[in-house]
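What follows is the residue order along each chain.
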Amino acid sequence: QFILSYEAAVTAAGGYKATMAKSFVIIARDIAQRWYNNLLPRSFESWGDLHDKLCSNFKGVSIAPNHPMDLFSCKQGEREPLQDYWQRFIHLRARTPNITDETVILAVVNGLGSAPCSSRLARKLATTVAELHEVMEKYCRADADFRMKSEAQRSQTLDLYRGHNRDRRTLVAS
(Lines give C-alpha, C1' and ligand atoms only; values in the text may rest on other atoms or scores of the structure.)
Protein backbone atom coordinates (compact mmCIF):
# COMPACT_ATOMS: atom_id res chain seq x y z
CA GLN A 1 0.00 0.00 0.00
CA PHE A 2 2.76 2.45 0.93
CA ILE A 3 4.75 1.70 -2.23
CA LEU A 4 1.68 2.26 -4.40
CA SER A 5 0.99 5.59 -2.70
CA TYR A 6 4.64 6.61 -3.05
CA GLU A 7 4.72 5.73 -6.75
CA ALA A 8 1.46 7.64 -7.35
CA ALA A 9 2.74 10.74 -5.50
CA VAL A 10 6.06 10.85 -7.37
CA THR A 11 4.35 10.26 -10.72
CA ALA A 12 1.71 12.92 -9.99
CA ALA A 13 4.52 15.38 -9.19
CA GLY A 14 6.07 14.70 -12.60
CA GLY A 15 8.78 12.36 -11.35
CA TYR A 16 10.04 9.25 -13.05
CA LYS A 17 11.28 5.87 -11.83
CA ALA A 18 14.80 7.28 -11.37
CA THR A 19 13.29 9.94 -9.10
CA MET A 20 11.54 7.23 -7.09
CA ALA A 21 14.80 5.38 -6.49
CA LYS A 22 16.73 8.52 -5.55
CA SER A 23 13.98 10.06 -3.40
CA PHE A 24 13.09 7.00 -1.36
CA VAL A 25 15.71 7.85 1.27
CA ILE A 26 13.87 11.13 1.94
CA ILE A 27 10.55 9.52 2.84
CA ALA A 28 11.72 6.26 4.44
CA ARG A 29 10.95 6.16 8.18
CA ASP A 30 11.61 3.88 11.15
CA ILE A 31 12.36 0.29 10.16
CA ALA A 32 12.33 1.05 6.42
CA GLN A 33 14.88 3.82 6.91
CA ARG A 34 17.16 1.58 8.99
CA TRP A 35 16.84 -1.15 6.34
CA TYR A 36 17.64 1.31 3.55
CA ASN A 37 20.64 2.75 5.42
CA ASN A 38 22.08 -0.77 5.79
CA LEU A 39 21.98 -1.50 2.06
CA LEU A 40 25.40 -1.83 0.51
CA PRO A 41 26.38 0.89 -1.98
CA ARG A 42 25.20 0.09 -5.52
CA SER A 43 23.00 -2.74 -4.26
CA PHE A 44 20.26 -1.61 -6.65
CA GLU A 45 20.42 -0.04 -10.06
CA SER A 46 16.85 1.12 -10.59
CA TRP A 47 13.51 1.74 -8.95
CA GLY A 48 12.50 -1.75 -10.10
CA ASP A 49 15.42 -3.28 -8.17
CA LEU A 50 14.67 -1.25 -5.06
CA HIS A 51 10.96 -1.99 -5.38
CA ASP A 52 11.65 -5.75 -5.54
CA LYS A 53 14.00 -5.59 -2.54
CA LEU A 54 11.41 -3.64 -0.54
CA CYS A 55 8.63 -6.06 -1.39
CA SER A 56 10.66 -9.17 -0.58
CA ASN A 57 12.09 -7.72 2.65
CA PHE A 58 8.81 -6.40 4.04
CA LYS A 59 6.45 -9.00 2.63
CA GLY A 60 3.79 -9.71 5.20
CA VAL A 61 4.99 -6.98 7.58
CA SER A 62 2.25 -4.72 8.76
CA ILE A 63 1.48 -2.91 11.95
CA ALA A 64 -1.67 -4.32 13.45
CA PRO A 65 -3.97 -1.86 15.17
CA ASN A 66 -3.72 -1.71 18.93
CA HIS A 67 -6.47 -2.29 21.43
CA PRO A 68 -7.37 0.84 23.46
CA MET A 69 -6.18 -0.88 26.64
CA ASP A 70 -2.67 -1.09 25.13
CA LEU A 71 -2.35 2.64 25.76
CA PHE A 72 -2.41 1.97 29.49
CA SER A 73 0.79 -0.08 29.20
CA CYS A 74 2.73 2.92 27.88
CA LYS A 75 4.63 4.20 30.93
CA GLN A 76 7.21 6.96 31.31
CA GLY A 77 10.56 5.53 32.37
CA GLU A 78 12.13 6.71 35.62
CA ARG A 79 14.69 8.98 33.95
CA GLU A 80 12.95 9.24 30.58
CA PRO A 81 12.47 12.76 29.23
CA LEU A 82 8.82 13.75 29.05
CA GLN A 83 9.15 14.45 25.31
CA ASP A 84 10.29 10.87 24.64
CA TYR A 85 7.35 9.43 26.58
CA TRP A 86 4.91 11.76 24.81
CA GLN A 87 6.22 10.81 21.37
CA ARG A 88 5.99 7.08 22.17
CA PHE A 89 2.43 7.59 23.39
CA ILE A 90 1.43 9.56 20.29
CA HIS A 91 2.80 6.82 18.01
CA LEU A 92 0.92 4.16 19.97
CA ARG A 93 -2.25 6.28 19.89
CA ALA A 94 -1.96 6.68 16.12
CA ARG A 95 -2.26 2.89 15.75
CA THR A 96 -5.29 2.69 18.05
CA PRO A 97 -8.61 3.11 16.24
CA ASN A 98 -11.95 4.13 17.70
CA ILE A 99 -10.76 5.57 21.00
CA THR A 100 -12.41 8.27 23.05
CA ASP A 101 -10.71 11.43 24.28
CA GLU A 102 -11.42 10.33 27.84
CA THR A 103 -9.54 7.05 27.37
CA VAL A 104 -6.56 8.84 25.79
CA ILE A 105 -6.40 11.37 28.64
CA LEU A 106 -6.68 8.72 31.35
CA ALA A 107 -4.01 6.57 29.69
CA VAL A 108 -1.57 9.51 29.52
CA VAL A 109 -2.15 10.42 33.17
CA ASN A 110 -1.75 6.75 34.12
CA GLY A 111 1.54 6.50 32.23
CA LEU A 112 3.21 9.65 33.54
CA GLY A 113 5.93 9.40 36.16
CA SER A 114 5.85 11.63 39.22
CA ALA A 115 6.68 15.08 37.91
CA PRO A 116 5.11 18.53 37.60
CA CYS A 117 3.10 17.50 34.53
CA SER A 118 1.58 14.56 36.37
CA SER A 119 0.71 16.79 39.33
CA ARG A 120 -0.87 19.38 37.05
CA LEU A 121 -3.06 16.81 35.29
CA ALA A 122 -4.03 15.24 38.61
CA ARG A 123 -5.24 18.65 39.86
CA LYS A 124 -6.96 19.71 36.64
CA LEU A 125 -7.65 16.92 34.19
CA ALA A 126 -7.77 17.90 30.52
CA THR A 127 -11.20 17.50 28.96
CA THR A 128 -10.13 17.10 25.30
CA VAL A 129 -7.15 15.61 23.51
CA ALA A 130 -6.39 19.08 22.09
CA GLU A 131 -6.18 20.50 25.61
CA LEU A 132 -4.05 17.52 26.71
CA HIS A 133 -1.71 18.16 23.78
CA GLU A 134 -1.28 21.82 24.82
CA VAL A 135 -0.51 20.84 28.43
CA MET A 136 1.92 18.10 27.37
CA GLU A 137 3.78 20.38 24.94
CA LYS A 138 4.14 23.06 27.62
CA TYR A 139 5.54 20.58 30.14
CA CYS A 140 7.75 18.88 27.52
CA ARG A 141 9.43 22.23 26.84
CA ALA A 142 9.84 22.88 30.58
CA ASP A 143 11.28 19.39 31.14
CA ALA A 144 13.73 19.81 28.26
CA ASP A 145 14.83 23.23 29.58
CA PHE A 146 15.30 21.81 33.09
CA ARG A 147 17.35 18.87 31.78
CA MET A 148 19.53 21.19 29.69
CA LYS A 149 20.19 23.52 32.67
CA SER A 150 20.90 20.55 34.96
CA GLU A 151 23.38 19.12 32.47
CA ALA A 152 25.10 22.51 32.13
CA GLN A 153 25.39 22.81 35.93
CA ARG A 154 26.69 19.25 36.21
CA SER A 155 29.29 19.97 33.52
CA GLN A 156 30.30 23.23 35.23
CA THR A 157 30.69 21.46 38.58
CA LEU A 158 32.79 18.74 36.99
CA ASP A 159 35.02 21.36 35.33
CA LEU A 160 35.50 23.12 38.69
CA TYR A 161 36.34 19.80 40.35
CA ARG A 162 38.88 18.95 37.66
CA GLY A 163 40.45 22.42 37.96
CA HIS A 164 40.64 22.11 41.76
CA ASN A 165 42.37 18.71 41.52
CA ARG A 166 44.77 19.99 38.87
CA ASP A 167 45.70 22.92 41.16
CA ARG A 168 46.27 20.52 44.11
CA ARG A 169 48.53 18.29 42.00
CA THR A 170 50.54 21.33 40.92
CA LEU A 171 51.01 22.40 44.57
CA VAL A 172 52.03 18.89 45.66
CA ALA A 173 54.54 18.60 42.78
CA SER A 174 56.15 21.96 43.71
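Residues numbered from 1 in each chain as written. Predicted model: local features only at pLDDT ≥ 70, side-chain atom pairs only at ≥ 80, totals over all residues. Heavy atoms only, no water.

Caption draft 1: Local environment of the pattern of salt bridges. Tallying each qualifying case throughout the model produces four salt bridges. Across the pair Arg147 and Asp143 runs a salt bridge, and its minimum N-O distance is 2.9 Å. With Arg147 and Asp143 both in helix H8 (residues 129-173) and four residues apart, the pair spans about one turn of that helix. A residue is classified by how much of its surface remains accessible, and Arg147, at 32% relative accessible area, is partly exposed. Note that Glu151 and Arg154 form a salt bridge whose closest N and O atoms lie 3.1 Å from each other. (Salt bridge = Lys/Arg side-chain N within 4 Å of Asp/Glu carboxyl O. Helix = DSSP H or I, 4+ residues; strand = E, 2+ residues; numbered from the N terminus. Buried < 20%, exposed > 50% of the residue type's maximum accessible area, 1.4 Å probe, protein only.)

Caption draft 2: Geometry of the packing of aromatic side chains. Here the structure, examined in full by the defined rule, presents seven aromatic pairs. Ring geometry for Phe24 against Tyr36: centres 5.7 Å apart, planes inclined by 50°, an arrangement best described as tilted. Note that Phe24 is positioned in helix H2 (residues 17-27) and Tyr36 in helix H3 (residues 30-37), a separation of twelve residues in sequence. Just as Phe24 is buried, Tyr36 falls in that class too. Relative to Phe89, the ring of Trp86 has its centre 6.2 Å away and its plane inclined at 5°; by these criteria the two rings are stacked. In this pair, Trp86 and Phe89 are both assigned in helix H5 (residues 82-94), three residues apart and thus about one turn of the helix distant. The buried category is assigned to Trp86, whose relative accessible area is 3%. Members of the aromatic cluster, connected to one another through ring pairs, are Tyr6, Phe24, Tyr36, Phe44 and Trp47. (Phe/Tyr/Trp six-rings, centres within 6.5 Å; stacked < 30°, edge-to-face > 60°.)

Caption draft 3: Region of the structure containing helix H1 (residues 2-12). Residues of H1 that are buried include every one of Ile3, Tyr6, Glu7 and Val10, and no others. Each buried residue of H1 lies within a common arc of 95° when the element is viewed along its axis, so the set occupies one face. Facing away from the buried side of H1, by more than 90 degrees, are the exposed residues Leu4 and Ala12. Of the surrounding secondary structure, the elements contacted by the buried residues of H1 are H2 and helix H4 (47-57). One or two steps after H1, the chain reaches Gly14, where phi turns positive at roughly 90°. (Arc of directions from axis to C-beta. Contact = heavy atoms within 4.5 Å.)

Caption draft 4: Main features of unusual backbone geometry. Even without a glycine there, the phi angle at Asp30 is positive, about 50°. Tracing the sequence through the fold places Asp30 in helix H3. Exposure remark for Asp30: the relative accessible area of 52% places this residue in the exposed category.

Caption draft 5: Structural context of the nonpolar core. Core analysis: the largest hydrophobic core is formed by 21 residues, its most contacted members being Phe89, Leu132 and Met136. Elements supplying a minimum of two residues to this core: H5, helix H6 (101-111), helix H7 (116-123) and H8. When neighbours within four sequence positions are excluded, Met136 is seen to be in contact with Leu82, Tyr85, Trp86, Val108, Leu112, Cys117 and Leu121. Counting residues in each nonpolar core, the second largest holds 14 residues, with Val10, Ala21, Phe24 and Ala32 among its members. (Core = buried A, V, L, I, M, F, W, Y, C linked by side-chain atoms within 4.5 Å.)

Caption draft 6: The arrangement of the side chain of Asp143 in detail. Taking relative accessible area as the criterion, Asp143 reaches 19% and is therefore assigned buried. Looking at Asp143, its side chain comes within polar contact range of the main-chain nitrogen of Leu82, at 2.9 Å. In this structure Asp143 touches Pro81 and Leu82, once residues within four positions along its chain are discounted. (Polar contact = N/O pair within 3.5 Å; in protein donor to acceptor, adjacent residues only side chain to side chain.)

Caption draft 7: Up close: H2. Where H2 is concerned, the buried positions are Met20, Ala21 and Phe24. Down the axis of H2, the sector holding all buried residues measures 95°, keeping them to one side. Set apart from the buried face of H2 by more than 90 degrees, the exposed residues are Lys22 and Ile26. Here the buried face of H2 lies against H1, H3 and H4.

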